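Chain residues, written in single-letter form:
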Amino acid sequence: MHTNPWSEFKLRVNIRTDIRKAFECFTTPGGLESWFLRQATFENAAGDVRRKDEPVQEGDTYVFYWHGYPDTAVEKGKVLSTNGENRFTFTFSHNCPVTISIYPECGETIVELVESNLPTDEATMMRHYVGDSKGWIFYLTNLKSVLETGYDLRNRKLELTDVITA
Amino acid sequence: MILQKLPDPNHPNNRDAVPVLHDHVLFADRVINRYECPEHASAFGLMTLQKGCGRLVINQAPYDLDAVTCMPVNSGSRLSFSLPEKDTAPAFLFFDSALPGAIHRSLVQSHAQLLDCPEPDQNPDFSLLEYRSNKDADLEQSLRLLIRLGKSCSSFSALKADAVVRGLLERWVVKNADALQLSARLEVVKPATRNELFRRLSAAREWIEAHCEAHISLNQMAGVAAMNSQHFLRLFKQVFGATPYRYLIDLRLDRARERIENSDQPVSDICKDLGYESLSTFSGLFRRRFGIPPNQLRIL
């Protein structure tokens, strides 16, 4: 079946870390805040907020806030699935599914991100494809930096704007 | 990109046609010369200015616009506008035409209902909100952020801009749902009359909120609603559940409480700032509303 090439992108980054650590960086609120978000809040179906070190579960809803931006720039979505080990899917950016797969390769850990179902209409195609892939490239690079060296590359200053690090 | 310039009226493509204002776009750019946009069917949008002044005509009713006011336009309304001054900066945000319906559904329906019936409902009718009001801090901050993001190379800038737009729209959808409930209290038969009366009363209420720290009279409030004072008094109470004066007193007392709790300003100064000449009158009203005198609240 023919798939529109602009409806999906895949990014891979090699990280010198173990699979469990990389997986926790995506599947616990605290892990996400260590390289990606200013604040990540997950709630289960009963409305209980997950602890920072608690693994998120399928059906959880989330609210994400970014470093360098006020709370008006808030992203909301849902966890679609998690196998608790190396595969995790959540909605992001207009409810497009983002799937994270983590596996070993050449003695390192590969974090693979696939964002799919991107809108392919003329008006928004480039905005989603380019905007989202560009965003993930910085943040996956930051994930590598945080896990390998401890250096967090994100801009945290509200007054410093228009930089790729936020 | 969410940020665009207003269509150039002198461009050959636009010379003989109505400029098309695409939806899900923020038109925010300095207009160097006078700008005129002929009447056309509008998408749902919020219109304000960052600088200068302008005039909108919506369904044949004129509204003056400046940097402190904001005018929502309902989807399908007939809109024309002119920016007569040089160096005016508009901030006209038009929402994606499918988004209000989707957001309305997501706010009122459960996930299960949304999954069972994935097709969006018709977009809500925002005609009750089509009145001029003061731009609040939240809208001001959101528009500034959108302008910044529209020119930005930052990561996920388009996604963040979309989130800001969705957040803004959510607040207007909620405001619209409240307006529908409140307007139903008006004892009138014709829907068009109900809408018009509600818009006038809402404009007056927002004016009271913006001027509650000044000495304002019933005649002034009624003047904003373009009604005689007795008619205004009766209808205001019917819709908002309190007379305009009671509403004003409660607003002042709420603000006083907020200042007492969040500042070190002396209670006597707060009392004067809010237009009360007698501290004992103010304290009595405060105690009746909150069950505790203002001085004791600060001690707590």
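Shown above is the structure to which this text applies.
Residues numbered from 1 in each chain as written. Chains lettered and ligands numbered in written order. Predicted model: local features only at pLDDT ≥ 70, side-chain atom pairs only at ≥ 80, totals over all residues. Heavy atoms only, no water.

A.B. asks: What is the right way to look at the overall build of chain B in this model?
C.D. replies: In terms of helices and strands, chain B carries 12 helices and 10 strands. Per-residue burial for chain B yields a buried fraction of 48% across its 300 residues. Sequence separation of at least 24 residues holds for 66% of the intrachain contacts in chain B that already meet a minimum separation of 6. Put simply, chain B shows about 15,000 Å² of open surface, and 50% of that area lies on carbon and sulfur atoms. (Helix = DSSP H or I, 4+ residues; strand = E, 2+ residues; numbered from the N terminus. Buried < 20%, exposed > 50% of the residue type's maximum accessible area, 1.4 Å probe, protein only. Contact = heavy atoms within 4.5 Å. Areas by Shrake-Rupley, 256 points an atom, 1.4 Å probe, with all protein chains shown as cover.)

A.B. asks: Even after reading the chapter, I still don't get the layout of surface pockets, so can you show me in this structure?
C.D. replies: One way to see where empty space is left: roll a probe the size of a water molecule over the atoms. All names here are of chain B. The computed volume of the second largest pocket comes to approximately 630 Å³. Forming the boundary of the second largest pocket are 26 residues, of which Tyr63, Tyr131, Arg132, Ala203 and Val224 lie nearest the centre. At the level of secondary structure, the elements contributing two or more residues to the lining of the second largest pocket comprise β6 (61-65), β10 (133-134) and α6 (191-211). Tallying contributions element by element places α6 first for the lining of the second largest pocket, with eight residues. (1 Å grid on protein atoms, 1.4 Å probe; cavity = no way out; pocket = protein on both sides within 12 Å on 5 of 7 lines; lining within 4 Å. Points joined across faces, edges and corners; volume = space filled by probe spheres on them.)

A.B. asks: Sorry, what's going on with the packing of aromatic side chains here?
C.D. replies: How two aromatic rings sit relative to each other is given by the distance of their centres and the angle of their planes. Counting across every chain of the model gives 38 aromatic pairs over all chains. Centroid distance Tyr62 of chain A to Phe90 of chain A: 6.4 Å. Interplanar angle 70 degrees. Geometry classified as edge-to-face. Taken together, the residues span a long stretch of sequence, with Tyr62 of chain A in strand β3 (residues 61-65) and Phe90 of chain A in strand β5 (residues 87-92) at a distance of 28 residues. On the basis of an interplanar angle of 40 degrees and a centroid distance of 6.5 Å, the ring pair of Phe240 of chain B and Tyr247 of chain B is categorised as tilted. Look at Phe240 of chain B and you get buried, because its relative accessible area is 13%. The class of Tyr247 of chain B is buried, set by a relative accessible area of 16%. (Phe/Tyr/Trp six-rings, centres within 6.5 Å; stacked < 30°, edge-to-face > 60°.)

A.B. asks: Explain helix α9 (residues 244-262) of chain B to me, please; I cannot follow it from the model alone.
C.D. replies: For an α-helix, 3.6 residues make a turn, and residues three or four places apart therefore share a direction. End to end, α9 of chain B covers 27 Å across 19 residues, agreeing with the expected 27 Å (1.5 Å per residue, within 8%). Every buried residue of α9 of chain B is listed here: Pro244, Tyr247, Leu248, Ile249, Asp250, Leu251, Arg252, Leu253, Ala256 and Ile260 of chain B. (Expected span 1.5 Å × (residues − 1).)

A.B. asks: Would you mind going over the environment of Val239 of chain B with me for this structure?
C.D. replies: All names here are of chain B. Relative to the assigned elements, Val239 resides in helix α8 (residues 229-240). Separated by 48 residues in sequence, Val239 and Pro191 have C-alpha atoms that sit 15 Å apart. If sequence neighbours within four positions are ignored, Val239 has contacts with Leu182, Arg185, Leu186, Phe198 and Leu201.

A.B. asks: It is not clear to me how α8 of chain B should be interpreted in this structure. Could you clarify?
C.D. replies: Residue and element names in this part refer to chain B. Compared with the 16 Å implied by 1.5 Å per residue over 12 residues, the 16 Å span of α8 between its first and last C-alpha is a close match. Those residues of α8 that fall on the buried side of the exposure criterion are Ser229, Phe232, Leu235, Phe236, Gln238, Val239 and Phe240. Buried-residue contacts for α8 involve α5 (157-183), α6, α7 (218-224) and α9. Among the residues of α8, the N-terminal cap falls to Asn228, whose side-chain oxygen and the backbone nitrogen of Gln230 are separated by 3.1 Å. Of the residues flanking the end of α8, it is Gly241, one or two places downstream, whose phi is positive at about 75 degrees. (Polar contact = N/O pair within 3.5 Å; in protein donor to acceptor, adjacent residues only side chain to side chain.)

A.B. asks: Teacher, can you tell me more about the pattern of salt bridges here?
C.D. replies: For side chains of opposite charge, pairing can occur when their charged atoms come near one another. Per the counting criterion, the structure on display carries 32 salt bridges over all chains. Salt-bridge contacts for Arg156 of chain A lead to Asp152 of chain A; the nearest nitrogen and oxygen are separated by 2.7 Å. Here Asp254 of chain B ties to Arg289 of chain B by a salt bridge, and the two come within 2.9 Å at their closest N and O atoms. Residue Asp254 of chain B is found in helix α9, and its partner Arg289 of chain B is found in helix α11 (residues 279-290); the two are separated by 35 residues along the sequence. (Salt bridge = Lys/Arg side-chain N within 4 Å of Asp/Glu carboxyl O.)

A.B. asks: What should I look at first to understand the packing of helix α3 (residues 125-149) of chain A against α5 of chain B in this one?
C.D. replies: Angle between the axes and distance between the axes are the two parameters that describe a pair of packed helices. With their axes 7 Å apart at the nearest point, α3 of chain A and α5 of chain B run at an angle of 110 degrees to one another. It follows that α3 of chain A is roughly perpendicular to α5 of chain B by the angle criterion. Contacts between α3 of chain A and α5 of chain B involve Arg127, His128, Asp132 and Tyr139 of chain A on the former and, on the latter, Ala158, Leu159, Lys160 and Asp162 of chain B. Of the residues in the contact of α3 of chain A with α5 of chain B, the class split is three nonpolar, one polar and four charged. (Axes fitted to C-alpha atoms, helices over the stretch in contact; angles between N-to-C directions. Parallel < 35°, antiparallel > 145°, perpendicular 65-115°, else oblique. Nonpolar A, V, L, I, M, F, W, Y, C, P; charged D, E, K, R; others polar.)

A.B. asks: How should I be thinking about the sheet that holds strand β7 (residues 108-115) of chain A in this particular structure?
C.D. replies: Backbone-to-backbone hydrogen bonds join strands into a sheet, with any given pair of strands oriented parallel or antiparallel. Strand order in the open sheet formed by seven strands is β1-β7-β6-β5-β4-β3-β2 (chain A), with antiparallel pairing between adjacent strands. In this open sheet, the two strands that pair with only one neighbour each are β1 (9-15) and β2 (39-43) of chain A. Strand-to-strand twist in this sheet, taken as the mean axis angle between neighbours without regard to direction, amounts to 25 degrees. When β1 of chain A meets β7 of chain A, the two strands line up antiparallel, connected through seven bridges. Paired with Arg12 of chain A across the two strands is Glu112 of chain A, which belongs to β7 of chain A. Lying on the sheet, helix α1 (residues 19-27) of chain A is in contact with β4 (74-82), β5, β6 (96-105) and β7 of chain A; it crosses β6 of chain A at an angle near 165 degrees. The strands that α5 of chain B touches are β4 and β5 of chain A; relative to β4 of chain A, the one it contacts most, it runs at about 105 degrees. (Pairing = 2+ DSSP bridges.)

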